[in-house]
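Architecture at a glance
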Amino acid sequence: MTDAPTRIRVASAGTEPYEVLVGHQLLGELAGLIGTAAKRVAVLHPEALAATGEALREDLAAQGYEAVAIQVPNAEEAKTAEVAAYCWKALGQSGFTRTDVIVGVGGGATTDLAGFVAATWLRGVRWIAVPTTVLAMVDAAVGGKTGINTAEGKNLVGAFHPPAGVLCDLGALDSLPVNDYVSGLAEVIKAGFIADPAILDLIEADPQGARSPEGPHTAELIERAIRVKAEVVSSDLKESGLREILNYGHTLAHAIEKNERYNWRHGAAVAVGMVFAAELGRIAGRLDDATADRHRAILMSVGLPVTYRGDQWPKLVETMKVDKKSRGDRLRFIVLDGLAKPTVMESPDPAMLLAAHAEIAA
């Protein structure tokens, strides 16, 4: 007998509301989300989760669905136009119709791809996210932003296509390598700084516990981070206003990821990006020293990086200019006016940017 899962509702104007379930042994909920109208289900999974994907396919087949497993590359290698085209071909060969359902099982890259494939097949079919990493649970699988990368940058091609439901089975985290687990904590910490400082208090009380799925606050940290994102996207699905605060730390992070050819984990880049944004806020006279310093302390306490190669600044600036959060050539950063008080800083003085960069330069 397992405890009932926590249910977090996401309801954006103009879209069907859906629930994010957080708990253990949640796969029994899948058939209810798929529904009776669907005849076919495609289980899209990365190579690393081949056994999981096949087990899920067999389970759905036993329940009477025509289930097919579609294996894609691991991590960011899955988020390309070529892989999306491969998925479209598999759906076409399976006779996938508008009432059928895609299930994306894996980390954030897999759920991003699954959602994008669902958004574009027949101009939109239903999909369900089954995230298996901290990062995917608290960030990628919630909110309906789907996308793939191009040679020019990350997530530049995509669509807003919310899932029909999200199953965050905490048991999936037990087998996650510690570096991947800790990487996901960057997005949890981000939620603490922009909206829910209780997250920061929980991590500071037990940094070692926060680094492990066996930690005493794992479920609460993940639920709190999901609630922050759910509340934001419920009021602003398409990033026309409030949702932009979720990009805290991400403008520089995406540039670092591209510069590293996506060999850096997303959370590691976001950690550096948040320290940069905190320094930018401090230099602009908007953020107090204690809150700015708290960024570095809490990120380092769980083992996340807070510096980046100093000689790369010219490249990073050029990449940030084509980031999808920019407007024209004007750079935009989310900064804090205080704890849990995010705001947009547009076209900061280049001297300020340089000074902030000096604070993170290794």
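A brief structural summary. Along each chain, residues carry numbers from 1 onward, in the same order as the chain's sequence is written. Only residues with pLDDT of 70 or above have their local features reported here, since the model is predicted, and side-chain atom pairs are shown and tallied only from 80 upward, although totals for entire chains, interfaces and linings are computed over all residues. Only heavy atoms go into the side-chain values, all of them from the structure, while hydrogens and water stay out.

Our focus in this paragraph is the packing of helix H6 (residues 178-194) against helix H7 (residues 198-205). Lines fitted to C-alpha atoms define the axes, with helix axes restricted to the stretch in contact, and inter-axis angles between N-to-C directions lie between 0 and 180 degrees. What counts as a helix is a DSSP run of H or I of at least four residues, what counts as a strand is a run of E of at least two, and both are numbered from the N terminus. The geometry of H6 relative to H7 is characterised by a closest axis approach of 7 Å and an angle of 130° between their N-to-C directions. Taken together, the axes of H6 and H7 lie oblique to each other. For the pair formed by H6 and H7, the contact residues are Val-188, Ile-189, Ala-191, Gly-192 and Phe-193 on the first element and Ile-199, Leu-200 and Ile-203 on the second. Its residues assigned to classes, the contact of H6 with H7 shows seven nonpolar, one polar and no charged. Angles are sorted into four bins: roughly parallel if under 35 degrees, roughly antiparallel if over 145, roughly perpendicular if 65 to 115, and oblique for all others. Contacts are assigned to residue pairs with any non-hydrogen atoms lying within 4.5 Å of each other. In this count, Pro and Cys sit with the nonpolar residues alongside Ala, Val, Leu, Ile, Met, Phe, Trp and Tyr, while Asp, Glu, Lys and Arg are called charged and the others, Gly among them, polar.

A separate point is the packing of helix H10 (residues 250-259) against helix H11 (residues 266-283). Between H10 and H11, the least distance of the axes is 7 Å, while the angle of their chain directions is 135°. As summarised for this structure, H10 and H11 are arranged oblique, according to the angle between their axes. Note on packing geometry: the crossing formed by H10 with H11 is right-handed. Residues His-250, Leu-252, Ala-253, His-254, Ile-256 and Glu-257 of H10 form the contact with H11, whose participating residues are His-266, Ala-269, Val-270, Val-272, Gly-273 and Phe-276. Here the contact of H10 with H11 is composed, by residue class, of seven nonpolar, four polar and one charged. Crossing handedness is read from the near helix: turned anticlockwise from the far helix by less than a right angle, it gives a left-handed crossing, and turned clockwise, a right-handed one.

Let us look at the pairing of strand S9 (residues 165-169). With a 1.4 Å probe rolled over the protein chains alone, any residue whose accessible area is under 20% of its type maximum counts as buried; one over 50% counts as exposed, and the rest are partly exposed. In terms of residue burial, S9 counts as a mostly covered element, since five of its five residues are buried. What you see with S9 is no split at all: Gly-165, Leu-167 and Asp-169 on one side and Val-166 and Cys-168 on the other are buried throughout. In this scheme, strands are said to pair when DSSP sees at least two bridges between them. As defined by bridge partners, strand S2 (residues 18-23) adjoins S9 across four bridges and the pair is classed as parallel. Within S9, the residue paired with Leu-21 across the bridge is Leu-167. The sheet contact formed by strand S6 (residues 126-131) and S9 spans two bridges and is parallel. Bridge pairing links Ala-129 to Val-166 in S9.

Whenever a carboxyl oxygen of Asp or Glu lies within 4 Å of a side-chain nitrogen of Lys or Arg, that contact is scored as a salt bridge. On inspection of all chains with the given rule, the structure shows 24 salt bridges. A salt bridge links Glu-29 to Arg-7; the shortest N-O distance between them is 3.4 Å. Placement of Glu-29 in the loop between S2 and helix H1 (30-34) and of Arg-7 in strand S1 (residues 6-10) is noted, with a sequence separation of 22 residues between them. Given the relative accessible area of 41%, Arg-7 is considered partly exposed. Two residues, Asp-100 and Arg-40, come together in a salt bridge whose shortest N-O distance is 3.0 Å. On the criterion of sequence distance, the pair formed by Asp-100 in the loop between helix H3 (81-93) and strand S5 (101-106) and Arg-40 in strand S3 (residues 40-46) is long-range, its members being 60 residues apart. Take Asp-100 and Arg-40: they sit in the same class, and that class is buried. Connected through salt bridges with shared partners, the residues Glu-279, Arg-282, Asp-289, Asp-293 and Arg-296 form a single ionic network.

Our focus in this paragraph is the nonpolar core. Only buried residues count toward a nonpolar core, which is a set of Ala, Val, Leu, Ile, Met, Phe, Trp, Tyr and Cys residues joined through side-chain atoms within 4.5 Å. Val-20, Ile-102, Leu-113 and Ile-189 are the most contacted members of the largest nonpolar core, which totals 97 residues. No other element matches H11, which puts ten residues into this core. Once residues lying within four places of it in the same chain are set aside, the contact partners of Ile-102 are Ala-42, Leu-91, Phe-96, Ala-114, Val-117, Ala-118, Val-125, Arg-126, Trp-127 and Ile-128. Ranked by size, the runner-up nonpolar core spans 17 residues in total, among them Leu-56, Leu-60, Ala-67 and Val-103.

With that settled, consider the side chain of Thr-146. Locating Thr-146 in the fold gives a position in strand S7 (residues 145-150). Each residue touching Thr-146, except ones within four places of it in the same chain, is listed here: Asp-112, Gly-115, Phe-116, Ala-119, Trp-127, Val-157, Gly-158, Ala-159 and His-161.

Spatial ordering of the open sheet is given by S1-S2-S9-S6-S5-S3-S4, a layout of seven strands whose pairing is mixed. The open sheet has two edge strands with one neighbour each: S1 and strand S4 (66-72). Pairs of neighbouring strands in the sheet enclose a mean axial angle of 15°, with direction left out of account. Sitting on the sheet, H3 touches S3, S4 and S5, and the angle it makes with S4 is about 160°. In the packing of helix H9 (residues 218-235) onto the sheet, contacts are made with S1, S2 and S9, and the angle to S1 comes to roughly 20°.

As a further point, take the side chain of Asp-139. Inspection of the secondary structure puts Asp-139 in helix H5 (residues 134-140). Beyond its immediate stretch of four places on either side in the chain, Asp-139 contacts Glu-187, Lys-190, Lys-229 and His-266.

Further remarks concern the packing of aromatic side chains. Here a pair means two rings of Phe, Tyr or Trp (six-membered ring of Trp) with centres within 6.5 Å. Their orientation is stacked below 30 degrees between planes, edge-to-face above 60, and tilted elsewhere. Evaluation of the coordinates by the stated rule reveals four aromatic pairs. Seen from their ring centres, Trp-264 and Tyr-308 are 5.3 Å apart, and the 90° between their planes marks the pair as edge-to-face. Residue Trp-264 is located in the loop between H10 and H11, and its partner Tyr-308 is located in the loop between helix H12 (289-301) and helix H13 (313-321); the two are separated by 44 residues in the primary sequence. Classification of Trp-264 as partly exposed rests on a relative accessible area of 23%. When its relative accessible area of 3% is taken as the criterion, Tyr-308 is described as buried. Both rings, one in Phe-276 and one in Phe-333, keep their centres 5.7 Å apart while their planes meet at 50°; by these two values the pair is tilted. Taken together, the positions of Phe-276 in helix H11 and Phe-333 in strand S10 (residues 332-336) put the pair 57 residues apart, joining distant regions of the chain. Here Phe-276 and Phe-333 have matching classes, each one buried. In textbook terms, an aromatic cluster arises when at least three aromatic residues are bridged by ring pairs, as seen for Phe-276, Trp-313 and Phe-333.

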